[in-house]
Amino acid sequence: MIAAMMASSYNAKEEDGHHSGSSSHGGAGAVKSKKPDNTAFKQQRLPAWQPILTAGTVLPAFFVIGLIFIPIGIGLYVTSNNIKEFEVDYTGVDINSPCYSCAKNFSWNSTQSCVCSVNFTLEQPFESNVFMYYGLSNFYQNHRRYVKSRDDSQLNGDLSALMNPSKECEPYRTNDGLPIAPCGAIANSLFNDTLDLYYVDSNSTKTPIPLAKKGIAWWTDKHVKFRNPSGNTNLTVTFQGTTKPVNWRKPVYELDPSEADNNGFINEDFIVWMRTAALPTFRKLYRIIQKKSGTTPTLPSGRYILDITYNYPVLSFDGRKRMILSTISWMGGKNPFLGIAYITVGSICFFLGVVLLIIHHKYDTRNNSADIPN
Amino acid sequence: FIRLHQSDEGPQPETGQKVREKDLRNLVSNLPYEGLDKWKQPNRYFPGNSIKTSKYTLLLFIPMNLFEQFHRLANLYFVGLAILNFVPVVNAFQPEVALIPICVILCLTAMKDAWEDFRRYQSDKRLNSMPCLIYSRKVKQFVERYWKDVRVGDFVKVVCNEIVPADLLLLHTSDPNGVCHIETANLDGETNLKQRRVVPGVSESFNSIVVCEKPNINLNHFKEKPDKDKVGAGIENLLLRGCTVRNTDHAVGFVVYAGHETKAMLNNNGPRYKRSKQERRLNIDVMFCVILLLTMCLVGTLPGLPPYLVPHSNGHLDSPSLSSFYMFFTMIILLQVLIPISLYVSIELVKIAQIFFITNDIDLYDEETDSQIQCRALNITEDLGQIEYIFTDKTGTLTENKMVFRRCSIMGTEYPHKENAIRQAVLTEPDSDEEVIFTQAPQALQTQWSLDSDDVNRKDTMHHHGSRRKVPGTAHSDVAFSSPLETEVTPDKKLLQQISGAESTSVSRKIDAYLDFFLALAICNTVVVSMSKRNRTISVDSSIEEDHFNPPVKLEGSGGNTGAQTCSLHVPRSSSEPAVTPDMVCYEAESPDEAALVYAAKAYGFILLGRTPDSVTVRLPSGEDLRFEVLDTLTFDSNRKRMSVLVRHPISKEYVLYTKGADYAIMELLGTPYAGMFRNQKNIAADTQQHLDYYAKEGLRTLCIAKKVLSGREYESWSADRHRALAAIENREQLIMDTAVQIETNLTLLGATGIEDRLQENVPDTITALREAGIQVWVLTGDKPETAVNIGYACRLLEEEDLVINMSCKNKVRRPLSAAMTSSNGLFSLKPDPRNVDTTPDISLVIDGRTLAMTLSSDLQERFVELAKHCRSVLCCRVTPLQKSAVVKIIREKLKVMTLAVGDGANDVNMIQAADVGIGISGQEGMQAVMMSDFAISRFKHLKKLLLVHGHWCNSRLANMIIYFFYKNTANVNLLFWYQFFCGFTATAMIDYWLMIFFNLFFTSAPPIMFGILDKDISAEMLLGVPELYRTGQGSGEYRFSTFWVSMLDAFYQSLVCFFIPYLAYRGSDMDIFSFGTPVNTISLFTILLHLSIEIKAWTVVHWVIMLGSVALYFIVTLAYSAICVTCNAYWTLQSQMVDPMFYLVCIITTVVALLPRYTFHVLKNSIAPSPLEQARHLDRMDPITRDQWIKEWRSFRGGGQVKRSGLSVPPSPTLGTSVEAYPPSPTASEITGDEFTLNVISENYNRPVHT
């Protein structure tokens, strides 16, 4: 529409130019009347809806917002409160912490992995599916150079990108002349602690809790965005001629020895890590504890032991590591903020509605016989 | 009629000529060189006649256009950022992506330019291949060539109705008198014919050298000088390119300037560029944005916030200071949108659309002239809504500039022409048109009786002329009368008797002043007589209308005794030239005054039959054709304010100089008493002066007619001087004027004329509306104060109860003037209490040119401006064009107000250019004012809608759009800024680059443009009905310093909300960057669009389509993009968000919280303290009938209030012109300060004569 208007108004301009111009064409075609069309659009008389915001007209809107928001807020708040969440920090900053020594003695080169165990007690049983997260704090996964330091086409299984990764991956692009697969800083810093959860029953026997490692990544990521080069057959051959990222212990095709089709770029832990977190304090889904059939809670209340294979150093950047257990509702994890916000805003709107009602009674009647001051 | 220069070199300063040699050109004919190689051609250095107005060539379009575009600072900024992005250490986006916006903008502009250029190319091509005739020596005749083949030095033949291909020096025409008529409509829009003459003394065998000036743009200025014979030639010998030859079979000319050097091409400089007030304001705000951007970038470079985990590609971490330095530039790239570059493009689009709407307004279309409003300046539409002062010309602007001869005074006797007045009054009354038709006697009678009328009975019949004739039952259309109304004059009975008396006593004929008076009217002008008018499409010929006046004509002769006697002023046709019937003649005058006078003379039987450069033929009432030899014509100029024609009387062989001009110019030049008259000249002068004053008070334009008889010797010596002046190259104009002044002395006053210039329709209404709109209207006119005051009352510029301060001084006295101004200012200082203003009368100032000149001097300026500020209206009389522009400039600069100047003539050009907005009225006086104006309208009344409606709309629309644009960009970019606090100031964007670019380019660009084009806060009816609403736009209007900052604060608030509510909602969760960015971006879109919908005042279909379309586009494009681009960051983010209920909950609450303050503020403001605009909108929603009723009531209430105001504080002073019927004695002045200075205070009860 704008283009059309430009065109036609341009005509008018051109005519001017010719009129003033010297060299015109002897007034050819001057017979046509220049009378503008009497159309609603050209005369700016298009029928229009003219809302005027006055107390009277917007009153209902405020009340409606208030009446809708407050129940939503209450619903959200209740839902959020029903979510059970348990968090345990295992960084090992404190000298009494079980992982203190592991954290202290960390070195990238050590072949021996350091294992530490954290004991904790769940006061309440977790009824439904429990999601197990690892949380990192003060980890700037959203650092610009970090975010960019990946090659999505390599991760998508592009063979040429596999052997010749993007420049963005520098300085984690090649190692000893071989291309790194997967290249880049994000992949290089893959979270590699192993977490195992044991339930300690009254007899002090440790029962390992089954942790599902499938289904933690987005379906589209797992099946579309991330693909191994040339399918999933014999990844060792596929990745020949590449090298593992500097900080990794194992090459990418051996990430999950237990399950063959969870290796290479489609390893779900890897995929989850590659979705860089938005904020410096974040959690990432690690495992899912499926609800058992029947009425038994997924995680009954009681004592638990978390075994950590401590591989991931965070103290260098003053970071923290956490393990989070959380049930999940339709609104995701536990977060009372939204509920409170809805309740607050709803109340404010309701209050404003009342104020406007008063104002309406006081002033709006006057507007009917409006007079315009000079 | 000799123009050959005497060969003596005496007065010609040789050295001076040498100095100016460089400014001159020598041209010789091409003919001797025909067929020779190009390098032998003498005129090879001069450009050919082919023109090229296109800027680009096909091959070089891209580089040249880019070069052109990079002259704009905004584009450079964009490109600079894009280049910065290619520097690896600072880049924020993928470098290629960052190029997209600039490429889009450059491409759009380039496409527009290419299209424009192509049109120019086509028109050039068409022009260059127009046929023309060039003389060829080989063929020995004129051969047909194209325009582009014409070269300087060629001989070109132009036949009738053809367009002149280049600037030609006219050498030969088919006319025996060596005259060629041209129409310059293409050049300046004037449709009257102009005469051009053959260079005198040049025979067919032309072989001299033409010396001419370097090409210049002056259309009315050309000097040429063939060296050998020294024949001077001027603009009257030049046929300009673009003119059309009329009424002349063919003309041959020598090409002096060709192609781009022609005057027409040099004058052709496209639309003007003006910077509007809003744009200046805007640029300041853009600077604020730059400061804001730099501040934000500096915040981003604060060192040491997070430990940087990721080393550079070279493997090292930079030192903190270096990385801060890099970060600064990265942040600039990231936050670049804060500087709204796209705003400039949007404003351009909006203005184009606004101009489209203005030009298409049917109310600004004039049926009569079939002309729309022309917008010549494309970028000051919004200035129309901020005007505080209007400076208007009077003649042709407030008035029709269609002159009607109303009264005359001959030899001190006044002839009121009452019949004429009655006829005019009746004719202008539309109702009576069908029943009563007054026809002019000569016309009505000619068909029937003219043949048998003769000298004998005319004496009696004179008596009945001008009597009213009733034509019962013949219902004629108005059309028949529309044209003759201006041209026909019903003669005054008494005067006719006088003439016939003078004629009968033929002894005294040659000295009879009455005859001289009418001869002067007929001769002393530059009117061109055209016989065959039918090939030109101008109004109905009067001879056609005669047929309508069929026999049933009853004469109601007031004399009674002659009854239905046949009568005619016309002489029998059988006289010498039967081909020329007086009614066939048509007069083409350059000024309407002249035409009016010639028609008046015609009515009294002095019919101008023909005019050649050397002679004028006039038919006398006796039927005799007199052929006067015209010795010289001293054309009109604004310095002399008069023109003269020097003729040789065919009978008495006297050299007679007829002069007509402004009364004061003539009165000064009156000489010794005119011998042999019954009254002495002094008395006549005094009487005439009295009549003149009276005419002026009636609002008539006055002219004095004078004559001078020269002796043979006097003439000889003068003409020698004259010819020396004409042939001079240096100072030619000055010398010519000097000779004119030299001869125009010792004149004998013949009489004076009063010509009425009727007010245009709706002028009082328009002026009242403009003043209610808070606009001060000043009239700057060259007329006499009395005329101006009268017109002032007629058009309601002055009200009856106004206190009118009349300032005029005769000599250059500073002190009293300044004292007077102090005392007048004291008038105001006495009542500093603004509440008292209502009880004091409005004060108007009338000031004349001479006084004005003094007040404008630097020491009095301040006080004058102070005084003028308090005046409700100011009339400046007798001002020169330069003074007009000086007044405009001073008011504009001292008071810092927006000024608008409106005028129609060449004398208004200065003023039009000096004002912020110049408006030209395309009227009777050519197109010069229009050429220089920003807007060209055809009637004064159009100003009302143009300012009150379009001005208001354009202003408020653009202001709101600009503010919104600033808000939009800030609100959007700040989201990124807030994110920097959570990504360690590393310039990460949580929104995919592409989506970010699309966001500005597609999703949110159309709504503000649409808002700027279509939003209509108040209907046109309301704006016209309540002009006070215009005041809202004056001063800084809606786009103020505060509004800018309020909207910026709102932007900050909204961006905070839009960022932190999602932040708090998703904090600590497993949200990834781009999933987090998706709701933030969506919220931003909703907030921005809903913010706009709060601002939109009227929702039309277009609004809905664009707003909903933008939302739809956002979702469609984003969904498609995040589904298709697998390797992109945003892959599947929106999809995954849209299945999450949290997304919707967050979006809803954030949008509500973000807009709640603005919404509430609007509601509270509208409810508690609604602005006038809001109240008007309330009224607007009522049904039209109630609304009109309301407006009417409101107006009548206000009008009543005005009437009640009393003029108590008027100092008791003699009043000027308390009575109109009696000639007042010379104005008694309340002499406040001294002899030479008078300050008249005219109080109420000034009876103004009723106009129309």
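Residues numbered from 1 in each chain as written. Chains lettered and ligands numbered in written order. Predicted model: local features only at pLDDT ≥ 70, side-chain atom pairs only at ≥ 80, totals over all residues. Heavy atoms only, no water.

### Things to note about the interface of chain A and chain B
How big an interface is tends to be reported as the loss of accessible area on association of its parts. To be explicit about the condition: For this analysis, residues touch if any pair of their heavy atoms sits within 4.5 Å. By buried area we mean the combined loss of accessible area, with a 1.4 Å probe, across both parts when two parts are placed together. Within this document, salt bridges are pairs made up of a side-chain nitrogen of Lys or Arg and a carboxyl oxygen of Asp or Glu, the two lying within 4 Å of each other. Two N or O atoms form a polar contact when they lie within 3.5 Å of each other; inside protein one atom must be a possible hydrogen donor and the other a possible acceptor, and for residues adjacent in sequence the pair counts only when both atoms belong to side chains.
Between chain A and chain B, the residue contacts involve 107 residues of the former and 129 residues of the latter. When chain A packs against chain B, close to 10,400 Å² is buried across both sides, 64% of that on carbon and sulfur atoms. On inspection of chain A and its partner chain B, the count reaches two salt bridges. A salt bridge links A:R275 to B:D1072; the nearest nitrogen and oxygen atoms lie 2.9 Å apart. Across the contact surface, chain A and chain B share 26 residue pairs in polar contact (both at pLDDT 80 or more).

### A closer look at the packing of helix α31 (residues 942-980) of chain B against helix α33 (residues 1006-1014) of chain B
Residue and element names in this part refer to chain B. Formally: Here an axis means a line fitted to C-alpha atoms, over the contact stretch when the element is a helix, while the angle between two N-to-C directions is reported on a 0 to 180 degree scale. Numbering of helices and strands runs from the N terminus, with a helix taken as a DSSP run of H or I at least four residues long and a strand as a DSSP run of E at least two residues long. Any angle between 65 and 115 degrees counts as roughly perpendicular, while under 35 counts as roughly parallel, over 145 as roughly antiparallel, and the rest as oblique. By convention, the crossing between two helices is left-handed when the near helix turns anticlockwise from the far helix through less than a right angle, and right-handed when the turn is clockwise. Gly falls in the polar group here, along with every residue not listed as nonpolar (Ala, Val, Leu, Ile, Met, Phe, Trp, Tyr, Cys, Pro) or charged (Asp, Glu, Lys, Arg).
Two elements in contact, α31 and α33, have axes whose closest approach is 7 Å; the angle formed by their N-to-C orientations is 160 degrees. Comparing their axes, α33 and α31 come out roughly antiparallel. Like other packed secondary-structure pairs, α31 and α33 cross with a definite hand, here right-handed. Residues R957, N960, M961, Y964 and F965 of α31 touch α33, and the partners they reach there are P1008, I1009, F1011, G1012, I1013 and L1014. Considered class by class, the residues forming the contact of α31 with α33 number eight nonpolar, two polar and one charged.

### Concerning the sheet that holds strand β25 (residues 700-710) of chain B
Residues and elements named next belong to chain B. Here is the rule we go by: Strands pair, by our definition, only if DSSP identifies at least two bridges between them.
Here we have nine strands laid out as an open sheet, ordered β15-β14-β26-β25-β24-β23-β22-β21-β20, and antiparallel in their pairing. Strand pairing shows two members of the sheet lacking a second neighbour, β15 (413-415) and β20 (607-611), which therefore form its edges. Each strand axis lies, on average, 30 degrees off the axis of its neighbour in the sheet, ignoring direction. In terms of strand pairing, strand β23 (residues 642-648) meets strand β24 (residues 655-661) through seven bridges, oriented antiparallel. Among the inter-strand pairings, L646 is bridged to a residue of β24, identified as L657. In the packing of helix α22 (residues 732-743) onto the sheet, the strands contacted are β22 (625-637), β23, β24 and β25, and the crossing angle to β22 comes to about 125 degrees.

### Focus: the pattern of salt bridges
For the record, the criterion: Summary of the burial criterion: residues with accessible area below 20% of their type's maximum are buried, those above 50% are exposed, and those between are partly exposed, where the area comes from a 1.4 Å probe applied to protein chains only.
Enumeration over the complete set of coordinates arrives at 45 salt bridges over all chains. In this structure, the salt-bridge partner of B:K869 is B:E866, at a minimum N-O distance of 3.7 Å. With B:K869 and B:E866 both in helix α27 (residues 858-870) and three residues apart, the pair spans about one turn of that helix. Take B:K869: its relative accessible area is 39%, and that puts it in the partly exposed class. Residues joined in a network through salt bridges with shared partners are A:R150, A:D152 and A:K225.

### What to know about the UniProt feature "transmembrane region" (unreviewed entry) in chain A
All names here are of chain A. Worth spelling out the cut-off: UniProt positions are given in the numbering used here, feature names are shortened, and annotations may be inferred rather than shown by experiment.
Mapped onto this numbering, the UniProt entry annotates "transmembrane region" (unreviewed entry) at residues 52-78 and 337-359. Secondary structure content for residues 52-78 is 89% helix and 0% strand, while the C-alpha to C-alpha distance between its ends is 38 Å. Along residues 337-359, the helical share is 100% and the strand share 0%, with 32 Å between the first and last C-alpha atoms.

### Quick word on the domain arrangement of chain B
Test applied: The domain boundaries here were taken from an automatic or database domain assignment.
For chain B, the domain assignment lists domain 1 (24-49 + 150-267), domain 2 (355-400 + 758-827 + 840-943), domain 3 (401-535 + 576-755) and domain 4 (949-1181). Computed from C-alpha coordinates alone, the two centres of domain 1 of chain B and domain 4 of chain B are separated by 63 Å.

### Things to note about the nonpolar core
Residue and element names in this part refer to chain B. Put simply, the rule reads: Residues enter a nonpolar core if they are buried and are Ala, Val, Leu, Ile, Met, Phe, Trp, Tyr or Cys, with the set joined through side-chain atoms within 4.5 Å.
The biggest cluster of nonpolar side chains holds 134 residues, and the ones touching the most others in it are L335, F966, M990 and F1076. Of all the elements, α31 adds the most residues to this core, at 16 residues. Other than its neighbours up to four places away in sequence, M990 contacts L975, L976, Y979, F1059, I1073, F1074, F1076, G1077 and V1080. L608, I666, Y715 and A752 belong to the second largest nonpolar core, which has 79 residues in total.

### Re the sheet that holds strand β6 (residues 194-200) of chain A
Residues and elements named next belong to chain A. On the basis of which strands lie adjacent, the open sheet formed by four strands has the order β2-β9-β6-β7 and antiparallel pairing. Either end of the sheet is taken by a strand with one partner, and the two such strands are β2 (114-122) and β7 (206-208). Neighbour to neighbour, the strand axes of the sheet diverge by 30 degrees on average, direction disregarded. Direction of pairing for β6 relative to strand β9 (residues 302-310): antiparallel, over a ladder of seven bridges.

### What to know about helix α2 (residues 55-82) of chain A
Our working definition: Between the first and last residue of a helix there are one fewer steps than residues, each counted as 1.5 Å, and that sum is the expected span.
With 28 residues, α2(A) extends 40 Å from end C-alpha to end C-alpha; this agrees with the ideal 40 Å at 1.5 Å per step. Looking only at α2(A), the buried set comprises A:A55, A:V58, A:L59, A:F62, A:G66, A:F69, A:G73, A:L76, A:T79 and A:S80.

### Side note on the state of the cysteines
All names here are of chain A. Definition in use: Two cysteine sulfur atoms form a disulfide, by the criterion used here, when they sit within 2.5 Å.
Under the criterion given, the structure shown has four disulfides over all chains. Disulfide partner of C99: C116, at an S-S distance of 2.0 Å. Disulfide C99-C116: torsion about the S-S bond near 85 degrees, hence right-handed. Placement of C99 in the loop between β1 (85-89) and α3 (100-104) and of C116 in strand β2 is noted, with a sequence separation of 17 residues between them. Assessed through its relative accessible area of 0%, C99 is described here as buried. Overall, C116 belongs to the buried group, its relative accessible area being 5%.

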